[in-house]
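# Chains, contacts and geometry: an overview
Spelled out, the chains give:
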Amino acid sequence: GRTGFAHLFEHLMLQGSRNVASGAPFSALLAVGARLNATTWFDRTNYFETVPTGALDLALWLEADRHGHLLDAVNQANLDNQRDVVKEEKRQRYDNPPYGQELPDLYAALFPEGHPYATRRSGRWLTSTRPPSRTCMPSTSGGTARETPC
């Protein structure tokens, strides 16, 4: 399946863009007193920022550049780095949680087989070094990102 892509894209969206270096969105906003993060759940990903009034222009500029020029910053190094981060989060939160497998068992009991919510969204494919074939992942061949049709 294609589970886990939303979480990976959540991470990639915070890595930088055409005019913003990798990691710079966080450091620029934190330097002016902002707080920001993102979460992914069954059928949504949300991004949120709380910024001081004086940093609103910076936050809006960063958001505009991110939404308009994300693919320019997606490269194999960012993709590999964030895939490793998501894999580690999967290991901590799903594969080896201190409370056992209660959540996966609960989801399996609540949702019928075949329902999108019945399976983990964390991404089984993340355990391999490559995503499954024929995906919506951006291609980074030749060092530049381009969209790959599903």
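Up top is the structure.
Residues numbered from 1 in each chain as written. Predicted model: local features only at pLDDT ≥ 70, side-chain atom pairs only at ≥ 80, totals over all residues. Heavy atoms only, no water.

### Topic: the overall build of the chain
- Scanning the chain from N- to C-terminus turns up five helices and two strands.
- The secondary structure elements of the chain, listed N-terminal to C-terminal, are α-α-β-β-α-α-α.
- Out of the 150 residues in the chain, the part that is buried amounts to 35%.
- Put simply, the chain shows about 9,000 Å² of open surface, and 56% of that area lies on carbon and sulfur atoms. (Helix = DSSP H or I, 4+ residues; strand = E, 2+ residues; numbered from the N terminus. Buried < 20%, exposed > 50% of the residue type's maximum accessible area, 1.4 Å probe, protein only. Areas by Shrake-Rupley, 256 points an atom, 1.4 Å probe, with all protein chains shown as cover.)

### With respect to the packing of helix α2 (residues 24-31) against helix α3 (residues 56-69)
- The contact between α2 and α3 brings their axes to 10 Å, and the two run at 170°. What the angle tells us is that α2 and α3 run roughly antiparallel. Side by side, α2 and α3 meet where Pro25, Ala28 and Leu29 of the first sit next to Leu58, Ala59 and Leu62 of the second.
- Grouping the amino acids of the contact of α2 with α3 by side-chain chemistry returns six nonpolar, no polar and no charged. (Axes fitted to C-alpha atoms, helices over the stretch in contact; angles between N-to-C directions. Parallel < 35°, antiparallel > 145°, perpendicular 65-115°, else oblique. Contact = heavy atoms within 4.5 Å. Nonpolar A, V, L, I, M, F, W, Y, C, P; charged D, E, K, R; others polar.)

### Observations concerning the pairing of strand β2 (residues 45-50)
- Sheet analysis places strand β1 (residues 35-40) next to β2, joined by six bridges and oriented antiparallel. Following the sheet pairing, Thr39 is matched in β2 by Asn46.
- In sequence, β1 turns back onto β2 through a hairpin of four residues. (Pairing = 2+ DSSP bridges.)

### Remarks on the side chain of Asn78
- When you line up the elements, Asn78 lands in helix α4 (residues 76-95).
- Here Asn78 falls in the buried class, since its relative accessible area comes to 11%.
- Engagement of the side chain of Asn78 in a polar contact is seen with the side chain of Ser22, the distance being 3.4 Å.
- Filtering out sequence-adjacent residues up to four positions away, Asn78 remains in contact with Leu12, Gln15, Ser22 and Ala73. (Polar contact = N/O pair within 3.5 Å; in protein donor to acceptor, adjacent residues only side chain to side chain.)

### Thoughts on the packing of aromatic side chains
- According to the stated counting rule, one finds four aromatic pairs in the structure shown.
- Between Trp41 and Phe42, the ring centres sit 5.0 Å apart and the planes meet at 65°, which makes this aromatic pair edge-to-face.
- The class of Phe42 is buried, set by a relative accessible area of 18%.
- Residues Phe42 and Phe111 carry aromatic rings whose centres are separated by 5.9 Å and whose planes lie at 70° to one another, so their mutual orientation is edge-to-face. Of this pair, Phe42 sits in the loop between β1 and β2 while Phe111 sits in the segment after α5 (102-110), placing them 69 residues apart in sequence. (Phe/Tyr/Trp six-rings, centres within 6.5 Å; stacked < 30°, edge-to-face > 60°.)

### Describing the environment of Leu56
- By the secondary structure assignment, Leu56 is in helix α3.
- For Leu56, a relative accessible area of 42% puts it in the partly exposed group.
- For the pair formed by Leu56 and Ala34, sequence separation is 22 residues and the distance between their alpha carbons is 9.7 Å.

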